[in-house]
Amino acid sequence: MARHLVKLNVNGKDHALVVESTERLLDVLRDRLNMKGVKEGCGTGDCGTCAVIMDGRLVNSCLMLAVQARDKRIVTIEGVGTRERLHPVQKALMKYNAAQCGFCIPAIVLAGKNLLDYNPAPSRDEIKQAISGVLCRCTGYYKLIEAIQEAAKEIREVSV
Amino acid sequence: MTETELVRKLREAEGLAVIGKSVQRLDSLDKILGVPLYTSDIAPKDAVRVKVVRSTVPHALIKRIDTQSAKQVPGVVVVLTAQDIPGINEAYSLLPDRPLLATTKVRCQGEAVAVVAAGDLEIAEEAADRVSVEYERLPAVLSPVEAMRTDSVRVHDSGNVAKYLKVRKGDVKEGFRQADVTIENTYKTQFQDPTALEPEVGMAWVEKDGSVTCVGSMQTPFYVQTGVAKVLGVSPDRVRVIQATTGGAFGPKSDEMPIDTCAISALVAQKTGKPAILAYSRHESMIAHTKRHPFVITLKTGAKNDGHLTASEALVVSDTGAYASLGPLVIIRACFHATGPYVIPHVKTDAYCMYTNNTMAGSFRGFGSPQVHFAAECQMDELAKKLDMDPLDLRLKNMLRPGTLTATSQPVDDACGLEECATRAGEASNWRTKRLEFSGDRGTFRRGIGIALMYHGNSLGPEGNDYAAVQILIKPDGKVVVRTALTEYGTGAISGLAQMAAETLGLPIDQFELDRPDTASCQETGPTVASRVIVIGGRAAQLAAQKLKDKILTVAGDLLHCNPSRLTTRDGLIRHPDDPGWTISFEKVVEECHKRHVSLTETGFYMAPKCEFDPENSQGTTYQQYTYGAVVAEVEVDTELGVVKPVKITVAYDVGRAINPLSLEGQIEGGTIQALGYGLMEQLIHVDGIVANPTLGDYYIPTSLDIPEIQTIIVEYPGTVGPYGAKAMGEPPVDLPAAALANAVAHATGSRIFDLPLTAEKVLFAIKQKR
Amino acid sequence: MSVGNLVDLSGLSELRYVKRENGKIRVGALTTIADLEAQPNDTAWGKILNDAVRKFGSPNIRTVATVGGNICAASSSEDLIPVFLVLDARVRTIRKSGTREMPLQEFLIEKRRTALYGDEILAEVSFPEPSAHAACSFQKLGMRNTLILALVSVAALLETDNARSKITRARVALNRLKGKIPQRAESVEKQLLGQKLDEETVDSAVKRLGDELALTSDYRASADYRREAAKVLFRRALMDCWHSIVGK
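Right, let's walk through the structure included here.

**Thoughts on the overall build of chain B**
Right, so step 1: Scanning chain B from terminus to terminus reveals 20 helices and 30 strands.
Right, so step 2: Over its C-alpha trace chain B gives a radius of gyration of 27 Å, about what one expects of a compact globule, namely 28 Å for 771 residues.
Right, so step 3: Overall, the C-alpha framework of chain B stretches about 80 × 80 × 50 Å when taken along its three principal axes.
Right, so step 4: Taking all 771 residues of chain B together, the buried fraction comes to 63%.
Right, so step 5: Relative to all contacts within chain B whose residues are 6 or more apart in sequence, the contacts with residues 24 or more apart total 79%.

Below you can see the structure in the form of structure tokens.
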């Protein structure tokens, strides 16, 4: 099996890795770079729990080969917020007790953050669209949507 | 949509500090930061990857299992079959009907036949493909009704009935004689997949002393401990089981799968000396794990012209698949609730849990209740139609109220908020106006509104001893730890236990921590099922906290030189009502306790009273208390395509006492959407015993674009068992939405669909047939 | 995953474009669905692409799924195929020894099989820009609102004369007509040609489609339902086109 040198930037840090042809971006992130917040819920691109932000857009990392991520800028949950300073989406999810089993939450946070990076005043429908590629079985989505709405408000108020 | 006004006011009036408040869950932060928590996240780097070889046919004799070429794949460390099991080759929940690894026969698709392990998952998968199993196919029985025939294929030598029970109340012959109107219909429900976002996973390693430690995604560590010990042929104290953070469960992770994943990993770990991890693929998960039982329910109902029910006769049949799992208990709940929450003097229910060669059905949130309520509530609407009565009025006429008797002749106590749920849901949804208005809809898009009511016997009831053990300990730094083998998997209930303790001890919730469920450090506590963590676990938590409080106040009294009996504790301060001078911080007292070597670790153990009833006719107290609810669903049907669009769902539940309104809403909302999926779009389809759609691209759960508007109403009629009167609320939210949607669709289209899910095809053809 | 040789094309940015040139719209094979989503939808072709991409997978999928990937997958689940069929699309392929061009219909041979040679890649899909009197529509039915395989999908294009009364060009394609691959309903197209844009024309076209459909049942849906739904979606597509043309 062929090997390739791939350079990619993850959460602001450059990495150079030798990957195999069939290695998925998901595997590189989880197993090589220890980003365990990126989940594997189905492996077929249907559940979105593996979603990461790649060059500013949400993608399912289980459907990407590691080689396709060369020279890309990737953001995972590990690059969003810290224990001391949560991202507004994370803060709002805490406030609403919105994380139940938590398995979809990293992808939801990324989807919410990415939406708000582009659209600081999304409608409820736009929020639903933004997270429509991530399945959640616990919450029914309601509090996830409210949290993102509240985060949008906070971001707008801070920037005023 | 935050804390309801009513709950907050009630709590304030009672002077409760934490109970009834929407305090933050204790497990949120790590999840929201994406900290490695789940089993696959914390697997050791050198763990070998395990792959299971599974049956590809629904019913067959195994003639030969050839593992030779698999063993020869470079990188394979071990290939195992049943012969390699040192202990007993069994992994079952209730009935001893299921092996861990098949030997001479497979009875459904997806049965584990052999196990392969390698350092690399791809190598393990390749080797698994090279295990060749020679099957001699046998005829298969694929429907539970067919399985009841005397000439049916036998799934097990003992026959196809895994469990039978009945309810006999009064005399149905007399009941039907009294009836002016009698209707009879047959309803069918489908396999629903739990679709927890984290597929099953378990790992194991051998400790230096030869004992085995298992870590996995599960609901009940002690079941796994017993199961693994049996397979390994050791005593349970040689197996330690730890629940890792679990990404959703809904019931099936309390059945056979966690035993399978951990026992198989343990076998591999023992044989190889290395840690081993078995993580199911989604495809494998959807085939192998337990699902919601499909039911076939024939209901015959009699009523007087004024609407009063006189008789109910029901034949309730479930398909438990090849192995019983929790089927024998699901059928009990279904049998007892088959009439719906109504007063019926004459009841005859016969319930059968049948084996077939389909894949297994087992525990799944609701546990038989969603199925029987679908039938019972559709039947009520059909009756209302026949009697030309409003469906809500018919229900108001017949619903259970304090003093009336259930189908099992259990008197309903004062903690019955069913009527308030029904009327408030009716008002909030604008029932009467919309029922009339929508009836006038013509044209392509037609609206409909439907209602359904339920009752849900709390906790285990007749299923077994209902107990829980919760340990509370206060660390020297003042942090309070809640330690229990009851598990968190999304419900927020374990944080609820901390709330109980926080209230009793008078401490803020942020001082609490949740320990990891671990058989080595926790007392055995029964399963985390049946929505019993708050109701039963909460009592245990209170008992533990009370014991600690007594100790703390004794020491506080000593330090303050006063009688401890009148000391109170709130917001971290211990006070005497008579003198503000007699005040001391909780922290100081804890410090002193540790100085004096007063142990601040207490275990609370609570066992609910046993349910006493006549097992022959199922008459008596079948559950200690009931949760009640009403759901109104509003839909818009595209009558050209049959597509049902859910517009609004109004739910009202008598929860006894809301412990954490925000978390409660989260459970209600999540359950409503899970049930919406059950009603409209989810069906795990077997074709000739083979699962046709075991992928998330072909099995549809609701997405964020499928949700309607929701309105939640919380009603409180405190029960007798749960702390502060709390009632079970983990499962009840899934009981009714499908039934309410079915009734709404019938209203919109004028024709009834008797089986779930309400796919566009069924709706369209029901409309066309009516025309 | 077990493959022989795998070549990653995703870096070929020169194949990622949507261009308007000499009355033709040219779409590079590596144009993503998200790229299409960003196209203005005030033209007939922009609208139908918009209709299709809005219901395509999920936002996560749209970022990476490509036009070429969709077409080469050659199955009834590929929503862009009916769309490009009604746009009279041609495909251009490239190999070391040169390029080929052919109508999309010719390129699609059967389920999961195209005319690509082993050393060839799909480079471009192009179609003539529909006239000002043309309108297109794409309708899709699935089991829920997003992330769905089409149970039934219908694409239609209608072009009229200057008076907007007679149909001068009609194209109709479905995700399934007679087999497991998207096809044009040519007898329906012939019937529509030259007809007046009115109820009667729509009715007979829908009936004609019903006669031409030869669908199969499977565990997802019966042939009967698929036919009924196809007729309804086709009617809606025609009405949608009609309204766009007449400017309602």
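We are not done yet, so read on.
**Details of the packing of helix H15 (residues 493-505) of chain B against helix H16 (residues 533-560) of chain B**
All names here are of chain B.
Right, so step 1: Relative orientation of the contacting elements H15 and H16 amounts to 35°, with a least axis distance of 8 Å. With respect to the hand of their crossing, H15 and H16 are arranged in right-handed fashion. Of the residues in H16, those in contact with Ala493, Ile494, Gly496, Leu497, Met500, Ala501, Thr504 and Leu505 of H15 are Val533, Ile534, Gly537, Gly538, Ala541, Gln542, Ala545, Gln546, Leu548 and Lys549.
Right, so step 2: Taken together, the residues of the contact of H15 with H16 break down into eleven nonpolar, six polar and one charged.

**Describing the interface of chain B and chain C**
Right, so step 1: At the interface, 14 residues of chain B touch 14 residues of chain C.
Right, so step 2: Split into classes, the residues belonging to the side of chain B that touches chain C amount to nine nonpolar, two polar and three charged.

**Here's the deal with the sheet that holds strand S3 (residues 76-80) of chain B**
Residue and element names in this part refer to chain B.
Right, so step 1: The mixed open sheet is built from seven strands, whose spatial order is S3-S5-S1-S12-S9-S10-S11. Of all strands in the sheet, those bounded by a partner on one side alone are S3 and strand S11 (239-243). Averaged over neighbouring strand pairs, the angle between their axes works out to 20° when direction is ignored.
Right, so step 2: Pairing geometry for strand S9 (residues 201-206) and strand S10 (residues 212-216), over five bridges, is antiparallel.

**Focus on helix H19 (residues 737-749) of chain B**
Right, so step 1: The end-to-end C-alpha distance of H19(B), which contains 13 residues, comes to 18 Å, matching closely the 18 Å that a straight helix rising 1.5 Å per residue would cover.
Right, so step 2: Among the 13 residues that make up H19(B), 13 are buried, leaving the element largely enclosed by the rest of the structure.

**With respect to the interface of chain A and chain B**
Right, so step 1: Tallying the contact residues gives 40 residues for chain A and 42 residues for chain B.
Right, so step 2: Listing elements by their share of the side of chain A that touches chain B, those giving two or more residues are helix H2 (88-95), helix H3 (105-118) and helix H5 (142-159) of chain A.
Right, so step 3: Grouping the amino acids of the side of chain A that touches chain B by side-chain chemistry returns 19 nonpolar, 13 polar and eight charged.

**Here's the deal with the pairing of strand S14 (residues 309-319) of chain B**
All names here are of chain B.
Right, so step 1: Counting buried residues along S14, ten of its eleven residues qualify, which places the element largely inside the surrounding structure.
Right, so step 2: In this sheet, S14 lies alongside strand S13 (residues 295-303) in antiparallel orientation, the contact comprising nine bridges. Residue pairing for S14: Ile297 is matched across the bridge by Val316.
Right, so step 3: Bridge count between S14 and strand S15 (residues 346-354): nine bridges; the pairing is parallel. Bridging from a neighbouring strand, Val316 pairs with Ala351 of S15.
Right, so step 4: In terms of handedness, the path from S14 via helix H10 (residues 327-337) over to S15 forms a crossover that is right-handed.

What counts and what doesn't
- Residues numbered from 1 in each chain as written.
- Chains lettered and ligands numbered in written order.
- Predicted model: local features only at pLDDT ≥ 70, side-chain atom pairs only at ≥ 80, totals over all residues.
- Helix = DSSP H or I, 4+ residues; strand = E, 2+ residues; numbered from the N terminus.
- Rg over C-alpha atoms; globule rule 2.2 N^0.38 Å.
- Buried ≥ 20, exposed ≤ 12 C-beta atoms within 10 Å, placed from the backbone.
- Contact = placed C-beta atoms within 7 Å.
- Axes fitted to C-alpha atoms, helices over the stretch in contact; angles between N-to-C directions.
- Left-handed = near helix turned anticlockwise from the far one by under 90°.
- Nonpolar A, V, L, I, M, F, W, Y, C, P; charged D, E, K, R; others polar.
- Pairing = 2+ DSSP bridges.
- Expected span 1.5 Å × (residues − 1).
- Right-handed = clockwise from strand over helix to strand, strands pointing away.

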